[in-house]
Amino acid sequence: MARAVAQVSEPPGVLAVALSGGADSAMMAVHAAMYARRKALPLHFLHIHHGLQHAAEQWRARTHDLAHLLGVPCHSLRVQVGPTAGDGIEAAARDARYRGLAQLAGMVGARHVLLAHHRNDQAETVLLRLLRGAGPTGLAAMAPVAERDGLVYLRPWLDVERAAILEQAGVFYEQSGWQAVQDPTNNDDKYTRAAVRERLAPELDARWPGWRGNLARHARLSGEVAQVLDEVAAQDFQGLELQAGGRSFSLECWRRLSPARQALALRYWLSLAGLRMPTEARLNDIMRQLRGLHAQGHDRQMRVKHGDVFICCVRGRVLLDRARPPA
């Protein structure tokens with residue numbers, strides 16, 4: 001815990017834990033409570049109620065019971081998980097959870113939130129991204145420290161096996177009588193991650209017992225590669241004659257980069273705007289249109305939809321437009 005907090009650039013004034021009520025987040029809450037007492041640091045538990053399970057109200061009550069047992073304030077928020085554009089219910093629930101955590105953290109004045117992802121989660125994430133065709137940066141999977149929606153998320157347990165966490169949860173139950181909740185979707189293989197856990201993991205365990213550690217190490221190495229590429233992209237991006245605080249750049253300057261660095265600069269630009277990364281095919285299409293614009297002159301305009309925005313080129317400047325297209 002202390003090592004994770006030491007990685008952040010600014011020490012937390014208020015610390016929070018994302019607490020679902022499962023064994024992983026519950027044990028993170030217990031460790032955070034001990035750490036916060038030693039450091040005299042204000043601590044809050046944040047619980048997101050998705051409403052996707054019949055037992056969700058019981059889970060909410062269980063998290064508040066744990067908070068009362070540990071003497072830590074707990075805050076709950078009911079979120080709506082709406083339909084998605086092909087990303088599936090898992091992605092929709094995850095996005096709703098992060099939005100809810102940002103709202104609760106803002107209410108209590110916390111900027112640093114602890115997440116209980118462990119080595120098993122990391123290995124599953126790497127495997128899923130590999131199967132989906134993620135590149136080197138995508139295989140970095142979950143970072144120990146990451147920023148999202150103005151919050152700093154800390155994952156201290158990415159090198160901890162879940163078996164050790166479950167052992168702690170069992171000891172805690174014997175000593176306190178508080179028992180973690182069980183989410184049935186974690187073992188329902190109609191969900192993608194659960195399918196990896198229930199179908200692939202047992203086969204990998206039998207043939208390659210150390211596969212989780214190997215994939216976790218692969219994630220760390222990919223993270224180092226991603227950091228270097230991000231530094232290159234940032235340096236290239238600064239040379240694109242930026243305007244409007246980096247919201248627009250010169251098409252002509254971008255064209256001088258090599259194709260690989262053109263792609264890096266575009267991804268970096270989109271990440272600064274908080275936008276989801278395009279697929280490889282989509283990114284190649286955007287780059288093809290930008291190159292075509294340059295070849296035909298700056299008088300031809302471009303407007304390509306990407307999520308909720310439009311990537312535009314006007315008079316030789318590439319920019320984002322969040323307005324709707326003209327009727």
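Residues numbered from 1 in each chain as written. Predicted model: local features only at pLDDT ≥ 70, side-chain atom pairs only at ≥ 80, totals over all residues. Heavy atoms only, no water.

(A) Here's a closer look at the sheet that holds strand β2 (residues 43-49). Strands sit in the order β3-β2-β1-β4-β6-β5 across an open sheet of six strands; the sheet is mixed. Two strands in the sheet have a free side with no partner beyond their single neighbour: β3 (74-78) and β5 (145-148). Neighbour-to-neighbour, the strand axes of the sheet open up by a mean angle of 30°, direction not taken into account. Sheet strands in contact with helix α2 (residues 23-39) are β1 (15-18), β2 and β4 (112-114), and its direction is about 165° off that of β1. Here helix α3 (residues 56-70) sits on the sheet and contacts β2 and β3; the angle it forms with β2, its principal contact strand, is near 175°. (Pairing = 2+ DSSP bridges. Helix = DSSP H or I, 4+ residues; strand = E, 2+ residues; numbered from the N terminus. Axes fitted to C-alpha atoms, helices over the stretch in contact; angles between N-to-C directions. Contact = heavy atoms within 4.5 Å.)

(B) Local environment of the sheet that holds strand β7 (residues 248-250). The sheet built from four strands is open, its strands ordered β7-β10-β9-β8 with antiparallel pairing. Edge strands, defined here as strands with exactly one partner in the open sheet, are β7 and β8 (302-306). Pairwise comparison of adjacent strand axes, ignoring direction, gives a mean angle of 20° for this sheet. Of the strand pairs in this sheet, strand β9 (residues 309-314) and strand β10 (residues 317-321) are connected by five bridges, and their pairing is antiparallel. Each residue of the ladder has a partner; that of Val314, found in β10, is Arg317. Against the sheet, helix α10 (residues 259-272) makes contact with β7, β8, β9 and β10, and its axis sits at roughly 35° relative to β10, the strand it touches most.

(C) Spatial organisation of the environment of Leu158. Here Leu158 lies in the loop between β6 (151-154) and α6 (162-176). Not counting residues up to four positions away in its chain, the partners in contact with Leu158 are His117, His118, Arg119, Gln122, Met142, Ala143 and Pro144.

(D) Region of the structure containing the packing of aromatic side chains. This structure, assessed with the given rule, holds five aromatic pairs. Each ring, one from Phe237 and one from Phe249, has its centre 6.2 Å from the other, and the planes form 70°; the classification is edge-to-face. One end of the pair, Phe237, is in helix α8 (residues 211-238); the other, Phe249, is in strand β7, and 12 residues separate them in sequence. Of the two residues, Phe237 and Phe249, neither departs from the other in class, the shared state being buried. Between Phe249 and Trp269, the ring centres sit 5.0 Å apart and the planes meet at 90°, which makes this aromatic pair edge-to-face. (Phe/Tyr/Trp six-rings, centres within 6.5 Å; stacked < 30°, edge-to-face > 60°. Buried < 20%, exposed > 50% of the residue type's maximum accessible area, 1.4 Å probe, protein only.)

(E) Representation of helix α7 (residues 192-207) within the structure. End to end, α7 covers 22 Å across 16 residues, agreeing with the expected 22 Å (1.5 Å per residue, within 8%). Where α7 is buried, its residues contact α5 (119-131) and α8. (Expected span 1.5 Å × (residues − 1).)

(F) Layout of the pattern of salt bridges. Under the definition given, this model contains 17 salt bridges. For Arg119, the salt bridge identified is with Asp159, shortest N-O distance 4.0 Å. Residue Arg119 is located in helix α5, and its partner Asp159 is located in the loop between β6 and α6; the two are separated by 40 residues in the primary sequence. The partner of Glu124 in a salt bridge is Arg197, and the shortest N-O contact between them spans 3.0 Å. Of this pair, Glu124 sits in helix α5 while Arg197 sits in helix α7, and the two are 73 residues apart along the sequence. Judged by its relative accessible area of 23%, Arg197 is partly exposed. If you follow the salt bridges from partner to partner, you end up with Asp95, Arg148, Asp149 and Arg276 in one network. (Salt bridge = Lys/Arg side-chain N within 4 Å of Asp/Glu carboxyl O.)

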